[in-house]
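# Topology and contacts: notes
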Amino acid sequence: MKFESLEIPEVKLIFPKKFEDDRGFFSETYNRVTYEKAGINQTFVQDNHSLSRDAGVLRGLHFQRPPFAQDKLVSVLRGKIYDVAVDIRAGSPSFGKWVSTIISASDWKQIYIPKGFAHGFLTLEPDTEVTYKVSNPYAPETEGAILWNDPTLDIDWPIDESLIILSQKDANAPPFNDYANTPAL
Ligand SMILES: Cc1cn([C@H]2C[C@H](O)[C@@H](COP(=O)(O)OP(=O)(O)O[C@H]3O[C@H](C)C(=O)[C@H](O)[C@H]3O)O2)c(=O)[nH]c1=O
């Protein structure tokens, strides 16, 4: 099991081993003991699974506020995503900075996004299925959102804006600066 940090070191990539044979493959996609050694020692309490039928679906940028802020361990079971984590930790040297990676079912890697980050992804293939573990239960009353194409964040989404498919909630998400003035996450 290999682990790597992205430019913001708290965000990590995980490369679970795939044991392939003529039946198919077996892979441990989470193991508390090995993940703890890489600093991923949160207790996950909920599994989420979303299907996006088209390429160009963008879900995010979302987060939950304390006491329900969530660490997330994201895997792609089918298709491919461009995954983004934005540092929204007040006082962080990388506050307002973002990191991204492409994750596909074929490369079988995962991304770990700790509390204090807004998360979003763009599907790059149709019928993309994403599953992710979270370390706090869904608490809609604490949910926050940041506009996906906020000019301050200037995220380099690999798609023409006209092709993006958004929920109403995400299309009307507040700008980053609205959030920047609210209590620390
Ligand atoms: C997140 C969540 C949602 N829901 C219900 C609420 C809505 O009726 C429906 C769809 O929710 P939403 O449109 O917020 O789903 P996404 O846009 O995929 O949201 C996710 O997008 C980005 C990528 C994230 O990282 C978050 O985990 C999550 O916010 O599922 C639940 O019942 N439980 C939950 O934990």
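Under the annotation held in an unreviewed UniProt entry, the protein carries the name dTDP-4-dehydrorhamnose 3,5-epimerase and is attributed to Thalassospira alkalitolerans. We quote the UniProt Subunit (unreviewed entry) comment for the protein here in full: "Homodimer."

### Considerations on the overall build of the protein
When helices and strands are tallied, the protein shows three helices and 13 strands. For 185 residues, the compact-globule estimate of 2.2 N^0.38 gives 16 Å, and the C-alpha radius of gyration of the protein, at 16 Å, lies within 12% of that figure. Seen through its principal axes, the protein has C-alpha atoms that stretch 55 × 35 × 30 Å. Looking at the protein as a whole, 48% of its 185 residues are labelled buried.

### Structural notes on the UniProt feature "active site" (unreviewed entry) in the protein
With numbering aligned to this structure, UniProt lists the feature "active site" (unreviewed entry) at His62 and Tyr132. These annotated residues cover 71 residues of sequence, but their C-alpha atoms sit close together, with the largest distance between any two at 13.8 Å. Considered against the largest pocket, the annotated residues that line it turn out to be His62 and Tyr132. Mapping His62 onto the fold places it in strand β6 (residues 58–64). For His62, a relative accessible area of 18% corresponds to the buried category. The contact partners of His62, leaving out residues within four places of it in the chain, are Lys72, Phe117, Ala118, His119, Gly144, Ala145, Lys169 and Asp170. Tracing the backbone shows Tyr132 in strand β12 (residues 128–134).

### Considering the packing of aromatic side chains
Inspection of the entire model under this criterion finds six aromatic pairs. Relative to Trp108, the ring of Phe25 has its centre 5.2 Å away and its plane inclined at 70°; by these criteria the two rings are edge-to-face. In this pair, Phe25 is assigned in strand β4 (residues 24–26) and Trp108 in the loop between β9 (98–104) and β10 (110–113), connecting sequence segments 83 residues apart. Residue classification places Phe25 among the partly exposed positions, given a relative accessible area of 43%.

### A look at the layout of surface pockets
To find leftover empty space, one rolls a probe the size of a water molecule over the atoms. Estimated volume of the largest pocket: approximately 430 Å³. Together, 24 residues line the largest pocket, and Arg59, His62, Tyr132, Glu143 and Lys169 are the ones closest to its centre. It is β6 that contributes the most residues to the lining of the largest pocket, six residues altogether. Partitioned by chemical class, the residues of the lining of the largest pocket number nine nonpolar, 10 polar and five charged.

### Some details on empty space enclosed by the protein
Scanning the entire structure with this criterion turns up two cavities of 30 Å³ or more. Of the volumes computed, that of the largest cavity is approximately 50 Å³. Lining of the largest cavity is provided by 10 residues; of these, Phe63, Gln64, Gln70, Gly116 and Phe117 occupy positions nearest its centre. Of the residues contributing to the lining of the largest cavity, the split by class is five nonpolar, three polar and two charged. Surrounding the second largest cavity, Pro16, Thr29, Ser75, Val76, Trp108, Lys109 and Gln110 form its lining. Within the lining of the second largest cavity, the residues separate by chemical class into three nonpolar, three polar and one charged.

Criteria and thresholds
- Residues numbered from 1 in each chain as written.
- Predicted model: local features only at pLDDT ≥ 70, side-chain atom pairs only at ≥ 80, totals over all residues.
- Heavy atoms only, no water.
- UniProt positions renumbered as here; feature names shortened; annotations may be inferred.
- Helix = DSSP H or I, 4+ residues; strand = E, 2+ residues; numbered from the N terminus.
- Rg over C-alpha atoms; globule rule 2.2 N^0.38 Å.
- Buried < 20%, exposed > 50% of the residue type's maximum accessible area, 1.4 Å probe, protein only.
- 1 Å grid on protein atoms, 1.4 Å probe; cavity = no way out; pocket = protein on both sides within 12 Å on 5 of 7 lines; lining within 4 Å.
- Contact = heavy atoms within 4.5 Å.
- Phe/Tyr/Trp six-rings, centres within 6.5 Å; stacked < 30°, edge-to-face > 60°.
- Points joined across faces, edges and corners; volume = space filled by probe spheres on them.
- Nonpolar A, V, L, I, M, F, W, Y, C, P; charged D, E, K, R; others polar.

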